[in-house]
Amino acid sequence: MSGAPPNLAQRASRGVMVTMGGLWTRAFLQMLSTIVLARLLTPADFGLIAMVASIMGIAELVRDFGMTGAIIQARDMSERLWRSVMWLSMGIGIILSIALALCAPLVALLYNEPKLVELTLFMAPGLFISGLAMPLQARATKELRFVTLAALDAGSMAGGVVVGIITALLGWGVWALVAMAMGNFFVRLVVLWIVVKPKFGPPKIVRETWSLVSTGGSIFGAELLGYAEKNLDNVIIGAQLGPAALGQYSRGYALFLLPLQQMNGPLGRVALPVLSALRDDADRYRRYIRSAALVIGYLTLPTYAVAAGVAQPLVLLLLGPGWEVAGTIFALLAIAGFAQAIGRLRTWLYISLGRSHRQFVYDLVARPIVIAGFFFGIWWGGIYGLVLTYGALSILLLVPGFAFAMRGTFMRGRDVYAPLIRPFIMAVLACGASYGMSHLIPAPIAIVEVLVGCVSALLAVLPLLLIPGYRRDLAQLADFVKQMRGPKNPPSDPTDTEIADEVTADGDVAAALGMLTTAEPVRIGEDVADARDEKADRHTPRVSRREAAARRRQKAATTSTEQ
């Protein structure tokens, strides 16, 4: 048995679904704010806030310094260590808030935009608020408090959206976006403070904190390179083409991120703590990854495919007229969406297996290649050339990226690529059908084009369910959904409860992120008997345990022959 907590399958599967509910609520609110604010503000307003956000995001990464990932990865965290981390995070937040405020004139100089001085000054306190909130959220994540985190996602976004829309209606312009961001920060901190009830104690940084900082440093290095890859494009576009072009790009990119954040986000929040618990159990770990790839494949790839097919009418419907460039950008970014959805698994491998230093080494090579592609792309084809180059490089780097991540581990390449083959075929068919049929409408109406495209994609992929492989995948996804529910008749005897938990955790049922096994269904009666045998084996000498294991293998072989 590994060190995984009991009944991990049910707890983690519920966690995925609860977290999905919270983030999808957040996505709905974010979409609502985008629809309303895009009609009240100009592309230049969004471009100005994107300029500040690119710089502030770097400061936010420095403030976190990979500590969130290090905390989740750590096996044990004492109360003394938690208090130390809170003091350290708060101190760094104060220092960086002051530093960013002092650098406001440099931010304005970088983009040659004087308005950014005031915007940067008002956004800088967000680093201090994040410094207070980070340890609280990391603790809730490590304790698998998924309901709390889901409510937090929805509540903080709701608070920010209400503030943003009200101030935009009052004519605040770009300052409505500042108010929305700060409202989000403040609500998140208040809710976490009430729920976690932190106890700071005297200001002291204990020695154990520095081991977390060491681990976090490697995570930070990888995250910093990743952030540069994902945000240097904003700096380049803003500096070269101005705030209006950056506003178009930022709205197209925000729409592109929605499926990725709302589907992969909840899976990742649950996956990291659970995979870290399974790192000593190779078979369960590999089943978990295969199931994660299957869930990500079916949730993300067809979604991006259909969205790319109906991108122009969809953006017109959501943002209104004047955002045509954002529609084209949104469609082209679907290529990068495929790669980023799949590439998320690679990050989970590095962090959960304690190989953050190796991730940093890989990113030192891969990220600069993508960043160089930004400069080449904007020189080659302007804003569209940058997007196409980004997508192509993201796809090409998947193969060496996973090969380097798996080298020296028990993971195999087919654990990732095999579950993605059928979802990819489905995505190609869905994209072709949605694009082709939506463009055949003689008198284009945005909502009609979107509906026709979506229905056409559905009709195109339905025949795939005649293929046994797709039906098996659908059954596994349905099994994952069933993991939300607990057993209807829980055992009353404490020993039976412990045995049932072991069967749930070690049997071939779905665990955590949809640990959807491709093996035969669990034979509960036999597994309970095996669990009892194993419990007895633990109290016998080593030789006896080996003999007991041999007897169980012989029994399984006999049963298989009889069947």
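Participant: Honestly, the overall build of the chain in this entry has me stumped. Any pointers?
Facilitator: Scanning the chain from terminus to terminus reveals 24 helices and zero strands. With an accessible surface of roughly 25,100 Å², the chain has 67% of that area assigned to carbon and sulfur atoms.

Participant: It is not clear to me how the environment of Ile236 should be interpreted in this structure. Could you clarify?
Facilitator: The topology assignment puts Ile236 in helix α10 (residues 208–241). By relative accessible area, which is 8% here, Ile236 ends up buried. For the pair Ile236 and Phe375, spaced 139 residues apart in sequence, the C-alpha to C-alpha distance is 7.7 Å. Not counting residues up to four positions away in its chain, the partners in contact with Ile236 are Leu241, Phe374, Phe375 and Ile378.

Participant: Just to check I follow, could you spell out empty space enclosed by the protein for this structure?
Facilitator: One way to see where empty space is left: roll a probe the size of a water molecule over the atoms. In this structure the tally under the stated criterion is three cavities of 30 Å³ or more. Computed from the structure, the second largest cavity encloses a volume of approximately 40 Å³. In this structure, the second largest cavity is lined by Arg63, Asp64, Phe65, Met67, Val85, Leu88, Ser89, Ile92 and Met134. For the lining of the second largest cavity, the elements supplying multiple residues, two or more each, are α2 (43–64) and α4 (79–102). No other element matches α4, which puts four residues into the lining of the second largest cavity.

Participant: Help me out: how do you make sense of helix α19 (residues 421–438) in this one?
Facilitator: Each full turn of the α-helix corresponds to 3.6 residues, which orients residues three or four apart in the same direction. Its 18 residues give α19 an end-to-end C-alpha distance of 26 Å, which sits within 8% of 26 Å, the value for a rise of 1.5 Å per residue. Of the residues making up α19, those classed as buried are Pro423, Met426, Ala427, Ala430, Ala433, Ser434 and Ser438. All buried residues of α19 lie within an arc of 140° about the axis, which places them on one face of the element.

Participant: Hey, could you run me through the confidence of the model for the chain in this one?
Facilitator: Parts of the prediction with low pLDDT should not have their coordinates interpreted in detail. The share of residues in the chain with pLDDT of 70 or more is 78%, and the mean pLDDT across the chain is 78. Note that pLDDT drops below 50 for residues 557–563; the model gives that stretch two contacts with residues more than four away or on any other chain.

Participant: I'm lost on the packing of aromatic side chains in this one. Help?
Facilitator: Aromatic rings considered in pairs are described by the distance between their centres and by the relative angle of their planes. Under the definition given, this model contains 11 aromatic pairs. Look at Phe376 and Trp380: their rings are 6.2 Å apart centre to centre, the planes differ by 10°, and that puts the pair in the stacked class. Taken together, the residues Phe376 and Trp380, both in helix α16 (residues 356–396) and four residues apart, mark about one turn of the helix. Stacked on the ring of Phe402, the Lys or Arg Arg346 has its end atom at 6.0 Å from the ring centre.

Participant: Got a minute to help me understand the pattern of salt bridges in this structure?
Facilitator: Where side chains of opposite charge bring their charged atoms close, a pairing between them can arise. All chains considered together, the criterion is met by six salt bridges. Two residues, Arg284 and Asp281, come together in a salt bridge whose shortest N-O distance is 4.0 Å. Of the two residues examined, Arg284 and Asp281, each falls in the buried class. A salt bridge links Asp473 to Arg422; its shortest N-O distance comes to 2.8 Å. With Asp473 in helix α21 (residues 468–482) and Arg422 in helix α19, the pair connects residues that are 51 residues apart, well separated along the chain. Taking the relative accessible area as the measure of exposure, Arg422 reaches 28% and is therefore partly exposed. One network of salt bridges, in which partners are shared, links Arg286, Arg290 and Asp415.

Participant: Please explain the environment of Arg63 as it appears in this structure.
Facilitator: Mapped onto the elements of the fold, Arg63 is located in helix α2. Considering only alpha carbons, one finds Arg63 and Phe128, 65 residues apart in sequence, at a separation of 8.9 Å. Those residues in contact with Arg63, other than ones at most four positions away along the chain, are Ser89, Ile92, Gly93, Leu96, Leu127, Ser130, Gly131 and Met134.

Participant: Would you mind showing me how to read helix α12 (residues 282–309) here?
Facilitator: Taking 1.5 Å as the rise per residue, α12 with 28 residues should run 40 Å; its terminal C-alpha atoms sit 40 Å apart, in good agreement. Its maximal kink placed at Gly297, α12 deviates by approximately 30°. Along α12, 22 of the 28 residues are buried, which leaves the element largely enclosed by surrounding structure.

Participant: Could you clarify how one ought to interpret the nonpolar core in this entry?
Facilitator: Core analysis: the biggest nonpolar cluster contains 120 residues, and Leu116, Tyr249 and Trp348 have the highest contact counts within it. With 13 residues, helix α11 (residues 243–277) is the single largest residue contributor to this core. If you look at the next biggest cluster of nonpolar residues, it comprises 13 residues, including Met67, Trp82, Ala138 and Leu212.

Participant: How should I be thinking about unusual backbone geometry in this particular structure?
Facilitator: Most peptide bonds take the trans configuration, and most residues that are not glycine carry a negative phi. Look at Asn112: it is not a glycine, yet its phi comes out positive at around 55°. Positionally, Asn112 belongs in the loop between α5 (104–111) and α6 (116–123).

Participant: Before we go on, may I ask you to explain the environment of Ser78 in this structure?
Facilitator: With respect to the helices, strands and loops of the structure, Ser78 is situated in the loop between α3 (67–73) and α4. Separated by 130 residues in the primary sequence, Ser78 and Glu208 have C-alpha atoms spaced 9.8 Å apart.

Participant: I keep staring at the packing of helix α13 (residues 311–319) against helix α14 (residues 324–332) and nothing clicks. Help me out?
Facilitator: Axis angle and axis distance: for two packed helices, these are the angle between their axes and the distance between the axes, and together they describe the pair. Orientation of α13 relative to α14, taken along the N-to-C sense of each, is 135°, at an axis distance of 8 Å. What the angle tells us is that α13 and α14 run oblique. Between α13 and α14 lies a crossing of right-handed hand. In contact with Ala311, Gln312, Leu314 and Val315 of α13, α14 contributes Glu324, Ala326, Gly327, Thr328, Phe330 and Ala331. Looking at the contact of α13 with α14 residue by residue, the class counts come to six nonpolar, three polar and one charged.

Participant: I'm lost on a nonpolar patch on the surface in this one. Help?
Facilitator: On the surface, a nonpolar cluster with roughly 640 Å² of combined accessible area is contributed by Ile335, Phe376, Trp379, Trp380, Leu388 and Ile395. Looking at the nonpolar patch element by element, the count peaks at five residues for α16. Structurally, the position occupied by Trp379 is in helix α16.

Participant: I keep staring at the packing of α5 against α6 and nothing clicks. Help me out?
Facilitator: Where α5 contacts α6, the axes come no closer than 8 Å and their chain directions differ by 135°. When the interaxial angle is binned, α5 and α6 end up oblique. When the axes of α5 and α6 are compared, the crossing they make is right-handed. Of the residues in α6, those in contact with Ala104, Pro105, Val107, Ala108 and Tyr111 of α5 are Leu116, Val117, Thr120 and Leu121. For the contact of α5 with α6, the class distribution of residues is eight nonpolar, one polar and no charged.

What counts, and where the lines are drawn
Numbers given for residues are sequential positions, taken from 1 along each chain in its written order. The model is predicted, so local features are restricted to residues of pLDDT at least 70 and side-chain atom pairs to those at 80 or more, both for listing and for counting; the totals for chains, interfaces and linings are taken over all residues. Hydrogens and water are ignored here; the side-chain numbers use all heavy atoms of the structure. In this description a helix means any DSSP run of H or I spanning at least four residues, a strand means any run of E spanning at least two, and both kinds are numbered starting from the N terminus. Surface exposure here means Shrake-Rupley accessible area, sampled with a 1.4 Å probe, where a residue is shielded only by the protein chains that are shown. Partly exposed describes any residue whose relative accessible area lies between the buried limit of under 20% and the exposed limit of over 50%, with all areas from a 1.4 Å probe on protein chains only and scaled to the type maximum. Any two residues whose heavy atoms approach within 4.5 Å are treated as being in contact. Only protein atoms enter the 1 Å grid, on which a cavity is a set of points fitting a 1.4 Å probe that cannot get out and a pocket is an open set with protein on both sides within 12 Å along at least 5 of 7 lines, lining residues being those with an atom within 4 Å of a point. Grid points are joined across faces, edges and corners, and a volume is the space filled by probe spheres set on the points. Expected span, for any helix, means 1.5 Å times one less than how many residues it has. The directions considered for the arc are those from the helix axis to the C-beta atoms. Summary of the metric used: pLDDT quantifies the predictor's per-residue confidence within the range 0 to 100. In this scheme Phe, Tyr and Trp rings, the latter by its six-membered ring, pair at centre separations within 6.5 Å, and the angle between planes marks the pair as stacked below 30 degrees, edge-to-face above 60, and tilted otherwise. Two conditions define a charge located above a ring, namely a distance within 6 Å from the ring centre to NZ of Lys or CZ of Arg, and an angle within 35 degrees of the ring normal. Salt bridges are identified by distance alone: a Lys or Arg side-chain nitrogen within 4 Å of an Asp or Glu carboxyl oxygen. Values of bend correspond, residue by residue, to the angle between axes fitted over the seven residues ending at that residue and the seven starting there. Put simply, a nonpolar core is a bunch of buried Ala, Val, Leu, Ile, Met, Phe, Trp, Tyr and Cys residues held in one set by side-chain atoms that sit within 4.5 Å of each other. Whenever a helix is involved, its axis is fitted only over the stretch in contact; in every case the axis is a line through C-alpha atoms, and angles between N-to-C directions fall within 0 to 180 degrees. Should an angle fall under 35 degrees it is called roughly parallel, over 145 degrees roughly antiparallel, and 65 to 115 degrees roughly perpendicular, with every other angle called oblique. Left-handed is the label given to a crossing in which the near helix is rotated counterclockwise from the far helix by less than a right angle, and right-handed is the label when the rotation is clockwise. Gly is placed with the polar residues, together with every amino acid not listed as nonpolar (Ala, Val, Leu, Ile, Met, Phe, Trp, Tyr, Cys and Pro) or charged (Asp, Glu, Lys and Arg). Note that patches include only residues with greater than 30% relative accessible area and no salt bridge, and the join distances are 9 Å for like charges and 5 Å for nonpolar side chains (Val, Leu, Ile, Met, Phe, Trp, Tyr).

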